[in-house]
Amino acid sequence: MAAPGKLSTCRLPPLPTIREIIKLFRLQATKQLSQNFLLDLRLTDKIVRKAGNLANAYVYEVGPGPGGITRSILNADVAELLVVEKDTRFIPGLQMLSEAAPGKLRIVHGDVLTFKVEKAFSESLKRPWEDDPPNVHIIGNLPFSVSTPLIIKWLENISCRDGPFIYGRTQMTLTFQKEVAERLTANTGSKQRSRLSVMAQYLCNVRHIFTIPGRAFVPKPEVDVGVVHFTPLIQPKIEQPFKLVEKVVQNVFQFRRKYCHRGLGMLFPEAERLENTGRLLELADIDPTLRPRQLSISHFKSLCEVYRRMCDEDPQLFAYNFREELRQRKIKKKEKQDDAKSYRL
């Protein structure tokens, strides 16, 4: 078995290079899908090493594209590699890899946003949440267009312990735009601190493990790329429903340059906004003049706990959406204006 962090000596037979695969199947990155190919196998090997010891592991790779990271994963002597690829143009090249690694590579033509990975591997791989992470890993060079919605989806899965996390505290090693990677790992007070920082860090140990320069990709993106590793926490730092935490955090950061009371006020209908915002901040013991980036996970924990109690007192409160209230107000204003015009005519 390979030592931790080392690629196994088990290697694929000689194959065309990734660049040759791209030429052979006339592949081009699609701008609409935010595709960028990583051709340097030294870098794909490094991503796989940073994922941990994959010898005899079960790996789910998202967005394999022409198969650069796929090769590095197979060379790590995994028990099984499942790849889910939306773009049919890449399937023939992946099938070539499957033939070179009999019984190791399973290819699914599908969308990672809807694929049911909880049914992909044997139930025997499941481990209790309190145990060490299971022998299941998620690895991927994510298209920029899906990276944020996908990680939010998986964070909700972690909160509910379903999806890929039905096996236990499944670890993830994923690529993001460098700016997104910095947001995911930003500390309290940092200029990069954002909604993503809080949502990821209250559920996971998150590490920005290294940066890949944009010039390493084909075509070259306008930004560098960060590789981020996630390990779900045994105990979340905020023990409230994911949707409630998400609503509080989103409202706070929608006015990121304002004092935090500005965004928190949008949790409440206008008629009782001032009173309820003051009550929320007082009960949570939060200084209303703190900026969103100055709020720690502990601050958000207190805010979510108090907001939960307020929602329990008023069952309609959680469903309130200030944008919908604003929209209804505009509709009524327009109706009054139309009525006035009709009266004058």
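The shown structure was predicted, so the numbers you read here are calculated from the model rather than taken from an experiment.

S.K.: When you look at the pattern of salt bridges in this model, what are you seeing that I'm missing?
M.R.: As a working rule, side chains carrying opposite charge can pair if their charged atoms are close by. Applying the stated criterion across every chain yields a total of 15 salt bridges. A salt bridge links Glu-325 to Arg-273; the shortest N-O distance between them is 3.5 Å. Here Glu-325, found in helix 12 (residues 322-344), pairs with Arg-273, found in helix 10 (residues 273-284); they are 52 residues apart in sequence, far enough to count as distant. The exposure class of Glu-325 is partly exposed, given its relative accessible area of 24%. Accessibility expressed as a relative area gives 17% for Arg-273, which makes it buried. The residue Asp-312 makes a salt bridge to Arg-308 at a minimum N-O spacing of 3.7 Å. Here Asp-312 and its partner Arg-308 are both found in helix 11 (residues 297-313), four residues apart, which amounts to about one turn of the helix. For Arg-308, a relative accessible area of 32% translates into the label partly exposed.

S.K.: Could you clarify how one ought to interpret unusual backbone geometry in this entry?
M.R.: If a residue is not glycine, its phi is most likely negative; likewise, a peptide bond is most likely trans. Positive phi, normally seen in glycine, also occurs at Asn-56, with a value near 65 degrees. Residue placement: Asn-56 occurs in the loop between helix 2 (41-50) and strand 2 (58-62).

S.K.: Would you explain the sheet that holds strand 4 (residues 105-109) in this entry?
M.R.: Where strands meet in a sheet, backbone hydrogen bonds hold them as pairs that are either parallel or antiparallel. Strand order in the open sheet formed by seven strands is 4-3-2-5-6-9-7, and the pairing between neighbours is mixed. Only two strands of the sheet have a single neighbouring strand rather than two, namely strand 4 and strand 7 (204-212). Looking at each pair of strands side by side, their axes are set apart by 20 degrees on average, direction ignored. Sheet topology places strand 2 next to strand 3 (residues 80-85); five bridges connect them, and they run parallel. By the bridge assignment for strand 3, Tyr-60 is matched with Leu-82. On the sheet, helix 6 (residues 178-185) packs against strand 6 (171-177), strand 7 and strand 9 (225-232) and is oriented at approximately 130 degrees with respect to strand 6.

S.K.: Is there a simple way to think about helix 3 (residues 68-75) in this case?
M.R.: The α-helix advances 3.6 residues per turn, and as a result positions three or four apart in sequence lie on the same side. Counting buried residues along helix 3, eight of its eight residues qualify, which places the element largely inside the surrounding structure. Those residues of helix 3 not exposed but buried are Gly-68, Ile-69, Thr-70, Arg-71, Ser-72, Ile-73, Leu-74 and Asn-75. Looking at the residues trailing helix 3, positive phi occurs at Asp-77, about 65 degrees.

S.K.: What is the right way to read a positive patch on the surface from this model?
M.R.: A contiguous patch of positive charge, built from Lys-191, Arg-256, Arg-257, Lys-258, Arg-262, Arg-291 and Arg-293, is present on the exposed surface. Tracing the backbone shows Arg-293 in the loop between helix 10 and helix 11. According to the relative accessible area criterion, Arg-293 is partly exposed, its value standing at 33%.

S.K.: I tried to follow the nonpolar core on my own but got confused; where do I start?
M.R.: Generally speaking, nonpolar side chains in soluble globular proteins are found buried as a group. Counting residues in hydrophobic clusters, the biggest one holds 64 residues, and the most contacted among them are Tyr-60, Trp-154, Leu-155, Leu-174, Phe-176, Phe-230 and Phe-300. Examining the composition of this core, we find that eight residues originate from one element, helix 11, more than from any other. In this structure, Ile-47, Val-83, Phe-217 and Val-227 belong to the second largest nonpolar core, which totals 29 residues.

S.K.: Where do I start with the UniProt feature "binding site: S-adenosyl-L-methionine" (unreviewed entry) in the protein chain in this structure?
M.R.: As annotated in UniProt, the feature "binding site: S-adenosyl-L-methionine" (unreviewed entry) corresponds to Asn-36, Leu-38, Gly-63, Glu-85, Asp-111 and Asn-141 in the numbering used here. Dropping the residues within four chain positions of it, Leu-38 is found in contact with Leu-43, Thr-44, Ile-47, Gly-68, Asn-141, Ile-212, Ala-216 and Phe-217. Relative to the assigned elements, Gly-63 resides in the loop between strand 2 and helix 3. We classify Gly-63 as partly exposed; its relative accessible area is 24%. In this structure, Gly-63 is in contact with Val-84, Glu-85, Val-112 and Asn-141, ignoring residues within four places of it in sequence.

S.K.: Just checking my understanding: could you explain the environment of Pro-92 for this structure?
M.R.: Within the fold, Pro-92 resides in helix 4 (residues 91-100). Taking the C-alpha atoms as reference points, Pro-92 and Pro-66, 26 residues apart in sequence, are found 9.2 Å from one another.

S.K.: Looking at this structure, I do not really get helix 8 (residues 242-253). What am I missing?
M.R.: Helix length check: helix 8 (12 residues) gives 16 Å between terminal C-alpha atoms against 16 Å at 1.5 Å per residue, within 8%. Judged by how many residues are buried, helix 8 sits mostly within the fold: 10 of 12 residues are covered. Listed in full, the buried residues belonging to helix 8 are Phe-242, Leu-244, Val-245, Glu-246, Lys-247, Val-248, Val-249, Asn-251, Val-252 and Phe-253.

S.K.: Sorry, what's going on with the side chain of Thr-70 here?
M.R.: Mapped onto the elements of the fold, Thr-70 is located in helix 3. For Thr-70, a relative accessible area of 0% puts it in the buried group. Residues in contact with Thr-70, not counting those within four places in the same chain, are Glu-61, Pro-64, Leu-81, Val-83, Leu-94, Leu-97 and Leu-105.

S.K.: Which parts of the structure should I look at to understand the pairing of strand 5 (residues 136-141)?
M.R.: Looking down a regular strand, the side chains alternate between one sheet face and the other. Counting buried residues along strand 5, six of its six residues qualify, which places the element largely inside the surrounding structure. Across the two faces of strand 5 the burial is the same, with Val-136, Ile-138 and Gly-140 and His-137, Ile-139 and Asn-141 all buried. Two strands pair when backbone bridges link them, and strand 2 and strand 5 are joined in this way by five bridges, in the parallel orientation. Directly across from Val-62, in strand 5, lies its bridge partner Gly-140. Bridge analysis of strand 5 against strand 6 gives five bridges, and the strand direction is parallel. Along strand 6, the bridge assignment pairs Ile-139 with Thr-173. In terms of handedness, the path from strand 5 via helix 5 (residues 144-160) over to strand 6 forms a crossover that is right-handed.

Basis of the calculations
Residues numbered from 1 in each chain as written. Predicted model: local features only at pLDDT ≥ 70, side-chain atom pairs only at ≥ 80, totals over all residues. Heavy atoms only, no water. Salt bridge = Lys/Arg side-chain N within 4 Å of Asp/Glu carboxyl O. Helix = DSSP H or I, 4+ residues; strand = E, 2+ residues; numbered from the N terminus. Buried < 20%, exposed > 50% of the residue type's maximum accessible area, 1.4 Å probe, protein only. Pairing = 2+ DSSP bridges. Axes fitted to C-alpha atoms, helices over the stretch in contact; angles between N-to-C directions. Contact = heavy atoms within 4.5 Å. Patch = residues over 30% accessible without salt bridge, like charges linked within 9 Å, V, L, I, M, F, W, Y side chains within 5 Å. Areas by Shrake-Rupley, 256 points an atom, 1.4 Å probe, with all protein chains shown as cover. Lys, Arg positive; Asp, Glu negative; His and termini not counted. Charge placed at Lys NZ, Arg CZ, Asp CG, Glu CD. Core = buried A, V, L, I, M, F, W, Y, C linked by side-chain atoms within 4.5 Å. UniProt positions renumbered as here; feature names shortened; annotations may be inferred. Expected span 1.5 Å × (residues − 1). Right-handed = clockwise from strand over helix to strand, strands pointing away.

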